[in-house]
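Chain and residue survey
Here is how the chains run, residue by residue.
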Amino acid sequence: MWGSLLLRGLFLALLGLAILLWPDTSIAFLVRIVGVFCVIDGVTTLLRADRFKPSARPWTQGAVIVGLGVMLLFWPDISSRIVVMLFGVWLTYTGLSQLLYSRNFEARGRPMLRGAGLVSIIAGIVLLVWPVAGMVTIAWLIALPALIIGALFVAMGLRFRP
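The rules we used
Residues numbered from 1 in each chain as written. Predicted model: local features only at pLDDT ≥ 70, side-chain atom pairs only at ≥ 80, totals over all residues. Heavy atoms only, no water. Phe/Tyr/Trp six-rings, centres within 6.5 Å; stacked < 30°, edge-to-face > 60°. Helix = DSSP H or I, 4+ residues; strand = E, 2+ residues; numbered from the N terminus. Buried < 20%, exposed > 50% of the residue type's maximum accessible area, 1.4 Å probe, protein only. Expected span 1.5 Å × (residues − 1). Arc of directions from axis to C-beta. Contact = heavy atoms within 4.5 Å.

1. Some points on the packing of aromatic side chains
What characterises a pair of aromatic rings is the spacing of the ring centres plus the angle enclosed by the ring planes. Using the criterion set out here, one finds 2 aromatic pairs in the structure. Residues Phe87 and Trp90 carry aromatic rings whose centres are separated by 5.4 Å and whose planes lie at 20° to one another, so their mutual orientation is stacked. Of the two residues, Phe87 and Trp90 both sit in helix α4 (residues 76–102), 3 residues apart, roughly one turn of that helix. Residue classification places Trp90 among the partly exposed residues on the basis of a relative accessible area of 48%.

Rendered as structure tokens:
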């Protein structure tokens, strides 16, 4: 048991360190993994498409998923920027909606909803203006917990060592 904890901890810590040191490469690698998954999922959807009702449109779904997977595999940088920018659009829209909705909200919660709306708008604009910085931040949000959890697993492995 202790050896398993130690190995898992070392792997997680190394993964976190690699992501911190090479965030761009790490993001491209993660995007490609998602691309491989999409291609496999799309192909399996196409292979079993004849088992669905015609109204389910599995052929379209499978083709779109394969296309998305190919895009992620061959253009990971552009794909990840587009995803971050779409997330920025969503955050900005959500923030504007919260600000508008806060006018009709009860007085006690109005300042909190407005605050949430402003934070969403600011975060959305930041992602739209600086998508690469958003991608690096996402990489850090993956790396830091990996480092912390990895260190804790290493410590547990060493503590349980006979």
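2. Observations concerning helix α5 (residues 110–129)
Given a rise of 1.5 Å per residue, 20 residues ought to cover 28 Å, and the 28 Å separating the end C-alpha atoms of α5 matches this to within 8%. Taken residue by residue, α5 has Leu113, Gly117, Ser120, Ile121, Gly124 and Leu127 as its buried positions. Taken down its axis, α5 places every buried residue within 130° of arc, on the same side. Residues of α5 that are exposed and point more than 90 degrees away from the buried face comprise Pro111, Met112, Val119 and Ile122. Along its buried surface, α5 packs onto α4 and α6 (131–160).

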